[in-house]
Structures are given as structure tokens and as C-alpha cells.
Amino acid sequence: MYNHASSTGSAFPAVEFDAEIIGKLSQSGPRYTSYPTADRFQSEFGYGQFLEAVAGLRMRRSSRPLSLYIHIPFCDTVCYYCGCNKIVTKDHSKAATYLDYLKQEIDMQGRLFAGMGKLEQLHFGGGTPTYLSDRQMGDLMAHLHASFDFAPDQQGEYSIEIDPRTVSVERVHSLRKQGFNRISLGVQDFDPDVQKAVNRIQPEAETRAVIDAAREAGFRSISIDLIYGLPKQSMTSMEQTLDKVIAANPDRIALYNYAHLPHLFKPQRRISEDDLPTPAVKLDLLALCIRRLCAAGYVYIGMDHFAKPDDELAVAQRQGRLQRNFQGYSTRAESELISCGVSAISAVGATYSQNEKTLEGYYEKLDEGRLPVVRGIKLENDDLLRRILIQKLMCNFELSIGSIEQSFPIRFGEYFATELQKLKAFEADGLLIVEPDWITVTPKGRLLIRNICMVFDRYLSQPRLGEAQPLRYSKTI
Ligand code: SF4
């Protein structure tokens, strides 16, 4: 066991790794990018309900800033570990058709939100957003600027996920000129054997060239995605990957746990189970990553995220402005999230809404002149209460009971009597401390924050209607 405060001092939360407790408590559970989680969305919620939610904002004269997510579902080749909703094709003409429809959706959303808050956050995800050509991207960004009122570059966070295999140094400079100021790179692992085992060959020099170009081009934050638990990974290979990651000096690092669920994700069937690290080695890999990243000066933000102490994510956490949304941890807690593209999920007012998951369905709805919303949920008061509580725990590792009682007409001890009873087992394991006014997650409890939040998830104890298949949740650690 070890305990790491960041090298910059006690202002940052420490994280403590306890293999025994983690082994005992690891189970499947939600990642809480939303509450209620997406598997609770209902098909009764559609376009009409989404319009009502926007009308509600207008009636309240909401001027909350806007956050926009754009989903580009295409990839050139498949990575075997992938569990994303993507379309693998080398036929790039498909992207041109998709863009025509995407622009229609952007126009409709732009008209709906016209005159409301400024757009302060934009995120391009996928799939592979850089599947689009430079010209297509420039055209799409111009379209977005015509439809939404963007905050100036210094004020807004405009980010894109890139696959270093699909971009040149020139393309990186072009992305900056097109208005992006943050970039996140899929790396996963630098080891050639691991890369081969997951069908993602990406030479280190290529990745470093993209990172250097991003710095030169003036991107404000560079983020790297890593995965632990991949086939062929070992402590030695991970040490070497971490050396290279730390030398590349990104501002943020996302370290994801590979969830091997071949019954749900077809590409994973190409991974040989014999090549996967054992659960014990996987935990050692996680421990190694945490130890090395914290020793290199990164702050443990929560779940799978690390950031430099002066990165906006770490600053937002210190100021209590951190939130979790569909992109993971994010800095703008008070914005309306509008998402465009196939399968994309919006969070507007007290609702979540998801678009059609297939291209055919998505195109069909837009051809009918309707937004392609097909399911969602309107949050009840109890959902709103639990959402705030789970957000606070996920983002700040503590909860002020007084502030919850001030915002909601409840007596916390009575309302959550069952939950408080369940927390006693975690308290006995030293994962949290419950006091009359505060619930505080200890450094040992931070890695198990999903387990703690699950106690407050009302839906986990309710069967889902018409669902016979197992829950699509990954392991909590
Ligand atoms: S991991 Fe990313 S790049 Fe690879 S197939 Fe999945 S979505 Fe595409």
C-alpha cells in the first residue's frame, strides 16, 4: 500500500492504493457520466419532449452557457479493444453524406437555442473525428460558427479527439486555425507488441511529432489516453510506456481500464484471452501507473483522470467547478449540453435525450424534418437530488450535507437512512467518513468512488423493463 499526495503539496487530494480492498469490492457498475445512467432512458421520450425542455429554458430566460458535442462515428480500421459506437469503413464518401445530415441537425439546434447563452465549450468525439478531411472539417467548423455564438478563443474550450495515425503536422496546425484549442490523442500503449495485439500500430515517433506540432501550434491543453489491461501488457512494458508518456509531458492523462466483454463488443473477439494480464497483474499495472504519474507531478482528479496542477481540470476541481458528463470530467458545470450526430446524448434542462443509433434511422428522422431524438428521460426531483450528490462525490470526494438540505426540502438522515446504513460497511473498510455535516471519501476510497456512488443510485435496485441481457457496465476498478 502507498499513499501519494501530489508533489505540489496538500492542496490536492491524495490517492491510496489498497489491492486487498480493491480485490474485495471490484464489481460491475456505472461510470456515472450521467445520472440516471443511459440504460434507464425511455423510448417515450422523443423529439416533442426535447422541444418542451428547450421551451422551458426559454421561458425561464436561461442564459446558461452552451456546450456542444459533435459525434463523428467513422474509423478507418478497427482497434480490437474498442467498445465504442463506430462505423469502420474506408469508403470516405459515407462521411460526405453524414456531414450533410449533421449540418441539418446543427442548423435545427442552432435555431432552437438562438439568443440563449454563448457557446463556451465544443468537443469533437467519435469514432475518429479526424476521419474527416481538412476541407470537410474547415467547412463544418464554419457551419458551427454560423449557427452558434462562440465565446472568444481565450474564454472557450474547443477540443477534438485525434488519432495520431490520421493526422500530419500540417493538419495539427490547421486544426488550431480552424478554432480548436485543446487536443486529445489516443495512444493506449507505446509497446509494439501490445499495439499489434490490438490492431493499432502507431509508432512512437509519429505520436511525438503530433504532440510537438500541437505545442507549436498553440494548443492550450494536450491530453493522452492510455489503457491498462490490454493483451501483452506487462509491468516491464508498462514501465517503458510510462517513461515515454511522462517524457512527452501531456497536460492531462486519461487512464482507462480495458473491459474485456467480447459477448457485447465483437472486435474484442479478436483478442486472445491468453494474452490478457491476469486480474492480479492488472491491479499491479494500475498501481504502477498511479505511482509513476503522481511521482511525475500529476494530480489524481478522479476515476481515470490525471492532470498537471495548473491544468484547468485541476484548477476547476480546487474551485469546486468540476463536473462529469459524457466526455468524462469537464470544467463547465453550469452549461446546457447539446449533442449532434448519430447516437449522441444531450443534457438540456432537467432532461437527457439520445439520438438514433443507426445512420439509417438518423437520416430518416432528419429527412422528416425532425430532430433525431429517440429516447431520453425527464428527471424527477429525486433524480436531480441524487444526480447532484453523485456529481459532488465523483468530482470533489466530499459532500456537504448542509448544502444538500439547503437546496432540497429533505432531512438528509431520514431521506437517505438506507443509504447511510449501507455506507457503514465502506466506513468500516476505511473508504469514507460520515459525520453529521459531511461525507468525506478517504484517499483509500477514491479509487472505489463508483462503488460509493452506486449506494445512492436508486435504479440499481430496480429491474429494467424488458431487459433480459446482462448490464453493460464495466468493472468499477
Ligand atoms: S478505439 Fe477509437 S479509433 Fe479505434 S475503432 Fe474504436 S472508435 Fe475507432
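Residues numbered from 1 in each chain as written. Predicted model: local features only at pLDDT ≥ 70, side-chain atom pairs only at ≥ 80, totals over all residues. Heavy atoms only, no water.

Draft legend 1. View of the overall build of the protein. Looking only at helices and strands, the protein has 16 helices and 23 strands in total. The globule rule puts the C-alpha radius of gyration for 477 residues at 23 Å, and the 22 Å found for the protein is close to it. Taking the principal axes of its C-alpha atoms as reference, the protein extends roughly 55 × 55 × 45 Å. In the protein, buried positions account for 58% of the 477 residues. Of the contacts formed within the protein by residues at least 6 apart in sequence, a portion of 74% connects residues at least 24 apart. (Helix = DSSP H or I, 4+ residues; strand = E, 2+ residues; numbered from the N terminus. Rg over C-alpha atoms; globule rule 2.2 N^0.38 Å. Buried < 20%, exposed > 50% of the residue type's maximum accessible area, 1.4 Å probe, protein only. Contact = heavy atoms within 4.5 Å.)

Draft legend 2. Region of the structure containing the nonpolar core. One finds Ile-70, Leu-122, Phe-124 and Phe-412 to be the most contacted residues of the largest nonpolar core, which totals 136 residues. The biggest single contributor to this core is helix α9 (residues 279-295), with 9 residues. If sequence neighbours within four positions are ignored, Leu-122 has contacts with Leu-68, Ile-70, Met-141, Leu-144, Phe-150, Glu-157, Tyr-158, Ser-159 and Phe-180. Within the second largest apolar cluster, 11 residues are counted, among which are Cys-79, Tyr-80, Leu-230 and Tyr-258. (Core = buried A, V, L, I, M, F, W, Y, C linked by side-chain atoms within 4.5 Å.)

Draft legend 3. View of the site of the ligand. Around the ligand, the neighbouring residues are Cys-75, Thr-77, Val-78, Cys-79, Tyr-81, Cys-82, Gly-127, Thr-128 and Arg-200. Class assignment of the residues belonging to the shell around the ligand gives a composition of 5 nonpolar, 3 polar and 1 charged. (Near = heavy atom within 4 Å. Nonpolar A, V, L, I, M, F, W, Y, C, P; charged D, E, K, R; others polar.)

Draft legend 4. Broad picture of the UniProt feature "domain: Radical SAM core" (unreviewed entry) in the protein. The residues that UniProt annotates with the feature "domain: Radical SAM core" (unreviewed entry) are residues 60-296. As annotated, residues 60-296 has a helix share of 40% and a strand share of 19%, and its two end C-alpha atoms lie 47 Å apart. (UniProt positions renumbered as here; feature names shortened; annotations may be inferred.)

Draft legend 5. Layout of the packing of aromatic side chains. One pass over the full model with this rule turns up 15 aromatic pairs. With a centroid separation of 6.0 Å and an interplanar angle of 50°, the aromatic rings of Tyr-362 and Tyr-363 are classed as tilted. Of the two residues, Tyr-362 and Tyr-363, both sit in the buried class. Through a chain of ring-to-ring contacts, the aromatic side chains of Phe-74, Tyr-98, Tyr-101, Tyr-131, Tyr-362 and Tyr-363 assemble into a single cluster. (Phe/Tyr/Trp six-rings, centres within 6.5 Å; stacked < 30°, edge-to-face > 60°.)

Draft legend 6. Structural view of the side chain of Asn-451. Within the fold, Asn-451 resides in helix α16 (residues 449-454). At 2.8 Å, the side chain of Asn-451 forms a polar contact with the backbone oxygen of Leu-25. (Polar contact = N/O pair within 3.5 Å; in protein donor to acceptor, adjacent residues only side chain to side chain.)

Draft legend 7. Quick look at helix α7 (residues 204-217). For α7, which comprises 14 residues, the first-to-last C-alpha distance of 20 Å matches the rise-based estimate of 20 Å (1.5 Å per residue) to within 8%. What α7 keeps buried is the set Thr-207, Val-210, Ile-211, Ala-213, Ala-214 and Ala-217. One side of α7 carries all its buried residues, which in axial view fall inside an arc of 160°. Every exposed residue of α7 that faces more than 90 degrees away from the buried side is listed here: Ala-205 and Glu-216. Taken together, the buried residues of α7 touch β8 (157-162), α5 (169-177), β9 (182-188), β10 (221-228) and α8 (235-248). (Expected span 1.5 Å × (residues − 1). Arc of directions from axis to C-beta.)

Draft legend 8. Inspection of the pattern of salt bridges at higher detail. Summed over all chains, the structure comprises 25 salt bridges. A salt bridge links Lys-365 to Glu-356; its shortest N-O distance comes to 3.0 Å. Residue classification places Lys-365 among the buried residues on the basis of a relative accessible area of 18%. One salt bridge in this structure joins Glu-368 and Arg-370, with 4.0 Å as the shortest N-O distance. (Salt bridge = Lys/Arg side-chain N within 4 Å of Asp/Glu carboxyl O.)

Draft legend 9. Focus on the sheet that holds strand β22 (residues 438-441). Across the sheet, which stays open at both edges, the 3 strands sit in the order β20-β22-β21 with antiparallel pairing between neighbours. Two strands lie at the open edges of the sheet, namely β20 (398-400) and β21 (432-434), each paired on one side alone. Along the sheet, successive strands turn relative to each other by an average axial angle of 10°, direction set aside. Where helix α12 (residues 381-396) meets the sheet, it contacts β20 and β22, and its direction lies at approximately 135° from that of β20. (Pairing = 2+ DSSP bridges. Axes fitted to C-alpha atoms, helices over the stretch in contact; angles between N-to-C directions.)

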